[in-house]
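What follows is the residue order along each chain.
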Amino acid sequence: MRHALNVLVIALMSVVASPVALATEAKTAYQLGHGYRLGKTGIQLGGYVSSKLSGFSPRPWKFDVSDLSLFVSWSNGAKLNFFSELELEESISGGQEHGLSTRNAHVALERLYFDYLVNDLLAVRVGKFLTPVGQWNQIHADPLVWTTTRPVATENLFSKHATGIMLHGNIPFGEQSLDYTIYGDYSTVLDPLYETGRHENFDNALGVRLRYNVDEDLQIGLSYVDFNLLSIRGAPDIRHHLLGVDLAWTYQRLAVTSEIVYRNNNSAGNAANAWQGYIQGVGSLSKHFYAVGRYEFFEQTSNKLGQVGVLGMAYHPSPPLIWKLEYRYGVNNKDFAPDGLFASFSVLF
Amino acid sequence: MHRLHVFFRICLLIAALPVFADHQSLVIVTMKTSPLQRLSLDALKRVYLRKSLLDEKGRRWIPLNLPASDSLRVGFSLTLFNKRPEEYENYWNEQYFQGINPPEVMASEEAVLRFIAMTPGAIGYVRKGSVDKRVKILNTLIIAEPH
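Residues numbered from 1 in each chain as written. Chains lettered and ligands numbered in written order. Predicted model: local features only at pLDDT ≥ 70, side-chain atom pairs only at ≥ 80, totals over all residues. Heavy atoms only, no water.

- An unreviewed UniProt entry annotates chain B as PBP domain-containing protein originating from Crenothrix polyspora.

- Named according to an unreviewed UniProt entry, chain A is Porin originating from Crenothrix polyspora.

What follows is the structure in structure tokens.
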């Protein structure tokens, strides 16, 4: 009896004293930039916030908390996922022409979709998603990019969003792989929140994007989309064709990205045909400081060829946080990318 | 003079040795009842980068990591990806923006084994000496573990 009691005590002591038993099984504590999980519901909350300041420009100086984005995602642990991004834009703004106010604040539904994983090579997405043209549009959140300003070529010639159906996946070839996306947009039918006043919205579109991952440091992309724009709805049926190529290359402490897009249409004139592009380099100066340089060009319908250069610095003290400061200067650029000094602070949460 | 030259070269070679001098075996493990018998290193990379979300039987992968500061995690990352865990931080930020989370982080090798023993689709890595009958071995890696 005494022997059995001793064995029991030793067994209990070994369990209680075991560092493994004391340790948390999974590291579930909240971590900045990783979102917050609601227990075992499969729901995760996250997002990012960004504030911007612009000045020394032909336009009045301006400050705003430009984006407050909330992500809600859910997975059933098997083949079904949900993701949504709701954005409060210009929640607080102020500047040379008016004091601090919330009058410009508005809510926008950036993304809302379900993904169904058919198998490991194919997923079907239904809902509203970011248009897969180039790289920047798909990772445009302020904490993920190196400049406060956005290259004209990444937003001017096509809609930033599409609503419809997408087939996507990743096909491996040994150590290389190919990301593919094929999508159709039916915003006017499927998106109850589409805004008739927003000229950049698709009316309907059909597109494809391929990205060849040569290795982890070099990716080459090709995008094509055939579309109508909402702004010319009711006008003669003008369909646009947009072709884009993009590249991302990292070498030691240097990262180079570039995108070039060309858009034409099927109308007799070619006034709306346009080439736009940029090339950007980011170099690490120290552990947390980065220098950024970018050259952009953009053909525009109402002006001569616009060109700008951007020179800036970024302070990236930890992965979710980034401070940016840059100066942009150019020619024929007042409509889309005016001169000025731009600064911002962004954080993923 | 010649001997001095040889001695100097030997000193240089020793100085040039990587800081990861201790090599050890690490095993890739999954649930005992899994129908999988083996997983290639290319497939393992895709699972840990969350490019592969389902196994060949259509079951959701649940890859597990140790904390980023754990020497076994660092060795695993250097051997499989030739990069340290922190070099993937921007990659995971971008994936997070797309609604994809990095592998779950477990507190210890024992926690990895316990989780895998109970969870279909879970996959992780532990030292060869830590493995037991609760799990099935899918592959073995020889890693250089940092001091």
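### A few points about the interface of chain A and chain B
It is common to give the size of an interface as the accessible area that goes away when the parts come together.
Now for step 1: On the side of chain B, 32 residues touch chain A, which itself brings 48 residues to the contact.
Now for step 2: Roughly 3200 Å² of surface becomes buried between chain A and chain B when both sides are summed, with 49% attributable to carbon and sulfur atoms.
Now for step 3: On inspection of chain A and its partner chain B, the count reaches five salt bridges.
Now for step 4: In this structure, the salt-bridge partner of Glu175 of chain A is Lys45 of chain B, at a minimum N-O distance of 3.6 Å.
Now for step 5: Inspection of the chain A/chain B interface yields 16 residue pairs in polar contact (both at pLDDT 80 or more).
Now for step 6: Contributions of two or more residues to the side of chain A that touches chain B are made by helix 2 (19-22), strand 2 (43-55), strand 3 (62-75), strand 4 (80-95), strand 5 (106-119) and strand 7 (161-173) of chain A.
Now for step 7: At five residues, the largest contribution of residues to the side of chain A that touches chain B is made by strand 2 of chain A.
Now for step 8: Taken together, the residues of the side of chain A that touches chain B sort by class into 21 nonpolar, 17 polar and ten charged. (Contact = heavy atoms within 4.5 Å. Buried area = accessible area lost by both parts, 1.4 Å probe. Salt bridge = Lys/Arg side-chain N within 4 Å of Asp/Glu carboxyl O. Polar contact = N/O pair within 3.5 Å; in protein donor to acceptor, adjacent residues only side chain to side chain. Helix = DSSP H or I, 4+ residues; strand = E, 2+ residues; numbered from the N terminus. Nonpolar A, V, L, I, M, F, W, Y, C, P; charged D, E, K, R; others polar.)

### Side note on the nonpolar core
Looking at soluble globular proteins, one finds that nonpolar side chains tend to be buried together.
Residues and elements named next belong to chain B.
Now for step 1: Residues Leu26, Ile28, Leu44, Phe76, Ile123 and Tyr125 are the most contacted members of the largest nonpolar core, which totals 33 residues.
Now for step 2: Secondary-structure elements contributing two or more residues to this core are strand 1 (22-31), helix 2 (41-48), helix 3 (71-81), helix 4 (89-97), helix 5 (109-118), strand 4 (122-127) and strand 5 (135-145).
Now for step 3: If sequence neighbours within four positions are ignored, Leu44 has contacts with Ile28, Leu39, Phe76, Leu80 and Ile123. (Core = buried A, V, L, I, M, F, W, Y, C linked by side-chain atoms within 4.5 Å. Buried < 20%, exposed > 50% of the residue type's maximum accessible area, 1.4 Å probe, protein only.)

### A word on empty space enclosed by the protein
Now for step 1: Applying the stated rule across the entire model yields two cavities of 30 Å³ or more.
Now for step 2: In this structure, the largest cavity occupies an estimated 50 Å³ of space.
Now for step 3: Residue assignment for the lining of the largest cavity shows that the elements contributing at least two residues are strand 2 and strand 3 of chain A.
Now for step 4: If one sorts the elements of the lining of the largest cavity by residue count, strand 2 of chain A sits on top with three residues.
Now for step 5: By residue class, the composition of the lining of the largest cavity is four nonpolar, five polar and no charged.
Now for step 6: Along the walls of the second largest cavity sit Thr30, Met31, Ser34, Leu36, Asp55, Arg59, Pro120 and Gly121 of chain B, which together make up its complete lining.
Now for step 7: Its residues assigned to classes, the lining of the second largest cavity comprises three nonpolar, three polar and two charged. (1 Å grid on protein atoms, 1.4 Å probe; cavity = no way out; pocket = protein on both sides within 12 Å on 5 of 7 lines; lining within 4 Å. Points joined across faces, edges and corners; volume = space filled by probe spheres on them.)

### Comments concerning the layout of surface pockets
All names here are of chain A.
Now for step 1: Estimates place the volume of the second largest pocket at around 1500 Å³.
Now for step 2: Together, 46 residues line the second largest pocket, and Lys52, Thr148, Arg150, Glu155 and Lys160 are the ones closest to its centre.
Now for step 3: For the lining of the second largest pocket, the elements supplying multiple residues, two or more each, are strand 2, strand 3, strand 4 and strand 5.
Now for step 4: Grouping the constituent residues of the lining of the second largest pocket by class yields 15 nonpolar, 13 polar and 18 charged.

### Quick notes on the confidence of the model for chain B
Now for step 1: In the predicted model, chain B carries a mean pLDDT of 87, and the fraction of residues at 70 or more is 83%.
Now for step 2: Within the model, the stretch residues 15-21 of chain B combines pLDDT values under 50 with eight contacts to residues more than four positions away or in other chains. (pLDDT = per-residue confidence, 0-100.)

### Remarks on helix 4 of chain B
Now for step 1: Looking only at helix 4 of chain B, the buried set comprises Tyr91, Trp92, Asn93, Gln95, Tyr96 and Phe97 of chain B.
Now for step 2: Taken from the residues just after helix 4 of chain B, Gly99 of chain B is the one with a positive phi, measuring 85°.

### Here we look at the environment of Thr30 of chain B
Now for step 1: By secondary structure assignment, the location of Thr30 of chain B is in strand 1.
Now for step 2: Expressed as a C-alpha distance, the spacing of Thr30 of chain B and Pro63 of chain B, which sit 33 residues apart in the sequence, is 9.5 Å.

### Points about the pattern of salt bridges
Now for step 1: Inspection of the entire model under this criterion finds 21 salt bridges over all chains.
Now for step 2: Salt-bridge contacts for Arg111 of chain A lead to Glu85 of chain A; the nearest nitrogen and oxygen are separated by 2.9 Å. Separated by 26 residues along the polypeptide, Arg111 of chain A in strand 5 and Glu85 of chain A in strand 4 bring together distant segments of the chain. Residues Arg111 of chain A and Glu85 of chain A agree in their burial class; the two are buried.
Now for step 3: Taken together, the salt bridges that share partners define one network made up of Glu110, Arg114, Asp132 and Arg134 of chain B.

### What about the packing of helix 2 of chain B against helix 3 of chain B?
Residues and elements named next belong to chain B.
Now for step 1: The contact between helix 2 and helix 3 brings their axes to 10 Å, and the two run at 120°. In terms of orientation, helix 2 and helix 3 fall into the oblique class. The element helix 2 and its partner helix 3 pack so that their crossing is left-handed. Contacts between helix 2 and helix 3 involve Leu41, Leu44, Lys45 and Tyr48 from the first element and Phe76, Leu80 and Phe81 from the second.
Now for step 2: Class assignment for the residues of the contact of helix 2 with helix 3 results in six nonpolar, no polar and one charged. (Axes fitted to C-alpha atoms, helices over the stretch in contact; angles between N-to-C directions. Parallel < 35°, antiparallel > 145°, perpendicular 65-115°, else oblique. Left-handed = near helix turned anticlockwise from the far one by under 90°.)

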